[in-house]
Amino acid sequence: MMRRVLTAIALILILPIASSDGEIHTTNGIITHDILCSQIDELQFDGERANQSVAYQVGLGPRIPQSNASSILRTSISENLTGWQVQNQSHQLDGLEIVNLEATLNAGAGKIVVLMAHYDTRQVSDQEEDSNLSILPVPGANDGASGVAVLLELARHIPAMNLSHEIRLVFTDVEDQGDIASGGVSIPWASGSRLWTENLTVGEIENISSLIVVDMVGDSNLTLTRTSPGNETMWQAVEMLSASLGMVADKEDCNGDNGSGQMDTSTTIGILDDHTYPISVGIPAIDIIDVKYGSDEVLAGHWHTQNDSIDKVSAQSLQSVGHLVELGLRAQVWSGISEPPSHEIEEEQKLITDDIAEIEAKSLDMESAVVGSLIIFMLFATIAAVASVIFAESEGEL
Ligand SMILES: [Zn+2]
């Protein structure tokens, strides 16, 4: 996955605690903690099976765009999607073939819920300090395979859920090939998602009630946070769903036990990922991602290194995220995200488009602003020191 959208200072915003103990207002009705708990025994997602998919994907080798491994994985994904209508969507970008894979169930029925994950893996390990390692492709156990594994395991169970609305699974290519300095072809972040979004009709965009991206969700030490940009109602839903599943510290789960710290919804981290372009056209979307991978720091640790390997991923973490998405489907949360009035969408859209365009500029501005302020401060401090010496000396003369 991705990169951070602003510098570290601006990244982490502490938000007021949202009303997770309350209820979620959806177009399908009000969802309460008790309603979620009444469905928790129905959950089918199997973390062990998802983990086997991670092992299979890593075993194929790096899933770099246009590689054999990439093609083999697409075929395997298609073969695993029993009961779904599967379509390869091929695009050309700067001489490169980009292939997204979209699977649909209940086509044409009601609202559309979209679940999205990138299946490509980064062609360089540019977070490695050793130049012999930094040119190697990442294994992509967490960054690539984990999201695909969660979607595939959900895909096994969704047909039997008897949902009344359309569902699409989108496996995107070329999410993770941005900002490559040397030794490879640099393609902008989230290009596959951008092409998928650009090829939606106005009718499809209006009909999508929610879109959920899952990326880097397998870290055995799962530490999810809210991410930005993202739909507020969907994040409130995530807060309630994860609390009921025992993923939130100091919140009671459906058994009355205190939760773990897998989900920290009091922290928000800005991220450019596959959710960004759908949001820019007004689709309610969130990115469920753990950007603290093998480290307490954001985008450090195993991220984009040779250590993004199968031993860092656990069935338990995959299952937590799988259950979160599954419970939202079963409780009719994701199909009932209400839409803001169209003028709000336009304003939000403009703000987000501006944000994307100015990400680099803002980061640079912030850095130069900090440096500039320091220089001015030091200049004044020097003048003040010199002035006080002169003043002291002249006082002494008197
Ligand atoms: Zn990545």
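Residues numbered from 1 in each chain as written. Predicted model: local features only at pLDDT ≥ 70, side-chain atom pairs only at ≥ 80, totals over all residues.

1. Focus: the overall build of the chain
In terms of regular secondary structure, the chain is built from 12 helices and 12 strands. When each of the 398 residues of the chain is scored for burial, the buried share is 45%. Within the chain, counting contacts between residues at least 6 apart in sequence, those at least 24 apart form 79% of the total. (Helix = DSSP H or I, 4+ residues; strand = E, 2+ residues; numbered from the N terminus. Buried ≥ 20, exposed ≤ 12 C-beta atoms within 10 Å, placed from the backbone. Contact = placed C-beta atoms within 7 Å.)

2. Describing helix H6 (residues 141-157)
With 17 residues, H6 extends 23 Å from end C-alpha to end C-alpha; this agrees with the ideal 24 Å at 1.5 Å per step. Burial runs high along H6: 15 of the 17 residues are buried. (Expected span 1.5 Å × (residues − 1).)

3. Some remarks on the pairing of strand S10 (residues 224-228)
Taking burial as the measure, the five residues of S10 include five buried ones, the bulk of the element. Where S10 lies against strand S11 (residues 263-272), five bridges are found, and the strand directions are parallel. Note that in S11 the partner of Arg 226 across the bridge is Thr 268. For the segment spanning S10, helix H9 (residues 232-244) and S11, crossover handedness is right-handed. (Pairing = 2+ DSSP bridges. Right-handed = clockwise from strand over helix to strand, strands pointing away.)

4. Here's the deal with the packing of helix H3 (residues 47-59) against H6
Where H3 contacts H6, the axes come no closer than 8 Å and their chain directions differ by 135 degrees. As the angle between them shows, H3 and H6 are arranged oblique. Considering the relative orientation of H3 and H6, their crossing is right-handed. Facing Arg 49, Ala 50, Ser 53, Val 54, Gln 57 and Val 58 of H3, the residues of H6 in contact are Ala 141, Ala 145, Ser 146, Val 148, Ala 149, Val 150, Leu 152 and Glu 153. (Axes fitted to C-alpha atoms, helices over the stretch in contact; angles between N-to-C directions. Parallel < 35°, antiparallel > 145°, perpendicular 65-115°, else oblique. Left-handed = near helix turned anticlockwise from the far one by under 90°.)

5. Some points on the environment of Ile 35
Assignment of secondary structure puts Ile 35 in helix H2 (residues 33-38). Accessibility expressed as a C-beta count within 10 Å gives 17 for Ile 35, which makes it partly exposed. Each C-alpha atom, one on Ile 35 and one on Ala 331, is 7.5 Å from the other, the two residues being 296 residues apart in sequence.

6. As for the sheet that holds strand S9 (residues 208-215)
Reading across the sheet, the six strands line up as S5-S6-S8-S7-S9-S12 and stay open at both edges, with mixed pairing between neighbours. Where the open sheet ends on each side, the last strands, each with one partner, are strand S5 (85-93) and strand S12 (285-289). Each strand axis lies, on average, 20 degrees off the axis of its neighbour in the sheet, ignoring direction. Here five bridges tie strand S6 (residues 96-105) to strand S8 (residues 166-172), and the two strands are oriented antiparallel to one another. Counterpart to Leu 105 in the pairing with S8 is Ile 167. The strands touched by H6 within the sheet are S6, strand S7 (112-118), S8 and S9, with S7 carrying the most contacts at an inclination of about 145 degrees.

7. Focus on the confidence of the model for the chain
When pLDDT is averaged along the chain, the result is 86; 79% of the residues meet or exceed 70. In this model, residues 6-20 is a region of pLDDT below 50 whose contacts with residues beyond four sequence positions or in other chains number 30 contacts. Residue range residues 389-398 is modelled with pLDDT below 50. Its contacts to residues more than four positions away, or to other chains, number zero contacts. (pLDDT = per-residue confidence, 0-100.)

8. Looking at the environment of Asp 94
Structurally, Asp 94 can be placed in the loop between S5 and S6. Residue Asp 94 is classed as exposed on the basis of its 10 C-beta neighbours within 10 Å. Distance in space between the C-alpha atoms of Asp 94 and Ile 187 is 8.7 Å, their sequence separation being 93 residues.

9. Considering the packing of H3 against helix H11 (residues 315-330)
Viewed as axis vectors pointing N to C, H3 and H11 meet at an angle of 115 degrees, and their least axial separation amounts to 8 Å. Here H3 is positioned roughly perpendicular relative to H11, judged by the angle of their axes. For the pair H3 and H11, the crossing hand works out as right-handed. When H3 is examined against H11, the residues Gly 47, Glu 48, Ala 50 and Asn 51 are found in contact with a partner set consisting of Ala 315, Gln 316, Leu 318, Gln 319 and Gly 322. Here the contact of H3 with H11 is composed, by residue class, of three nonpolar, five polar and one charged. (Nonpolar A, V, L, I, M, F, W, Y, C, P; charged D, E, K, R; others polar.)

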